[in-house]
Amino acid sequence: MSTHKPVDMDDVHAVVGHAVSSLLKSGQTAGIQDIIAFLKNKEAQSVNGQRELYARAIHIVKSLVN
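These remarks concern the structure in this document. The structure presented is a predicted model; accordingly, all values stated were derived computationally and were not measured.

### What about the overall build of the chain?
Phase 1 of the analysis: When you go through the chain residue by residue, the secondary structure sums to three helices and zero strands.
Phase 2 of the analysis: Mapped from its N terminus to its C terminus, the chain presents α and β elements in the order α-α-α.
Phase 3 of the analysis: Long-range pairs, those at least 24 residues apart, make up 48% of the contacts in the chain between residues at least 6 apart in sequence.
Phase 4 of the analysis: In the structure as shown, the chain presents an accessible area of about 4600 Å², 55% of it carried by carbon and sulfur atoms.

See below:
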């Protein structure tokens, strides 16, 4: 049995929203690839459960392309 808490979709929406907001505030574009790159950067810097959250967010954003 896994000891990891399932990723809450509200948390996924929050990190995607933060990605878009951060990109726009910095004057960058907020296209799908930009959002994915931002999330991958955050995933690489995160630890434990946060990494899983960013991975889930990346998966969801990538699914928008397909």
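### Remarks on a nonpolar patch on the surface
Phase 1 of the analysis: Taken together, the side chains of I32, L64 and V65 present a nonpolar region at the surface, about 260 Å² in accessible area.
Phase 2 of the analysis: As for its placement among the helices and strands, L64 is situated in helix α3 (residues 48–65).
Phase 3 of the analysis: Look at L64 and you get exposed, because its relative accessible area is 60%.

### Re the nonpolar core
Phase 1 of the analysis: Counting residues in each nonpolar core, the largest one holds 14 residues, and the members touching the most others are V15, V16, I35, L39, A57 and V61.
Phase 2 of the analysis: At the level of secondary structure, the elements contributing two or more residues to this core comprise α1 (9–25), α2 (32–45) and α3.

### Side note on α2
Phase 1 of the analysis: Taking 1.5 Å per residue as the helical rise, α2 with its 14 residues ought to reach 20 Å, and the 20 Å between its terminal C-alpha atoms agrees with that figure.
Phase 2 of the analysis: Those residues of α2 that fall on the buried side of the exposure criterion are I35, I36, F38 and L39. The arc that holds every buried residue of α2, seen down its axis, measures 165 degrees, which confines them to one face. Residues of α2 that are exposed and angled more than 90 degrees away from the buried face: Q33, A44 and Q45.

### What about the packing of α2 against α3?
Phase 1 of the analysis: The N-to-C vectors of α2 and α3 enclose an angle of 165 degrees; their axes lie 9 Å apart at closest approach. In terms of their interaxial angle, α2 and α3 are classed as roughly antiparallel. α2 and α3 meet at a crossing whose hand is left-handed. Facing I32, Q33, I35, I36, L39, K40, K42, E43 and A44 of α2, the residues of α3 in contact are R51, Y54, A55, A57, I58, V61, K62, L64 and V65.

### Quick look at α1
An α-helical turn contains 3.6 residues, so a residue and the one three or four places further along point in the same direction.
Phase 1 of the analysis: Over its 17 residues, α1 runs 24 Å from end to end, which matches the ideal 24 Å to within 8%, given 1.5 Å per residue.
Phase 2 of the analysis: For α1, the full list of buried residues reads V12, V15, V16, A19 and L23. The arc enclosing the buried residues of α1, seen along the axis, measures out at 95 degrees, which places them on a common side. Relative to its buried face, α1 has exposed residues pointing more than 90 degrees away, namely D10, L24 and K25.

What counts, and at which threshold
Residues numbered from 1 in each chain as written. Predicted model: local features only at pLDDT ≥ 70, side-chain atom pairs only at ≥ 80, totals over all residues. Heavy atoms only, no water. Helix = DSSP H or I, 4+ residues; strand = E, 2+ residues; numbered from the N terminus. Contact = heavy atoms within 4.5 Å. Areas by Shrake-Rupley, 256 points an atom, 1.4 Å probe, with all protein chains shown as cover. Patch = residues over 30% accessible without salt bridge, like charges linked within 9 Å, V, L, I, M, F, W, Y side chains within 5 Å. Salt bridge = Lys/Arg side-chain N within 4 Å of Asp/Glu carboxyl O. Buried < 20%, exposed > 50% of the residue type's maximum accessible area, 1.4 Å probe, protein only. Core = buried A, V, L, I, M, F, W, Y, C linked by side-chain atoms within 4.5 Å. Expected span 1.5 Å × (residues − 1). Arc of directions from axis to C-beta. Axes fitted to C-alpha atoms, helices over the stretch in contact; angles between N-to-C directions. Parallel < 35°, antiparallel > 145°, perpendicular 65-115°, else oblique. Left-handed = near helix turned anticlockwise from the far one by under 90°.

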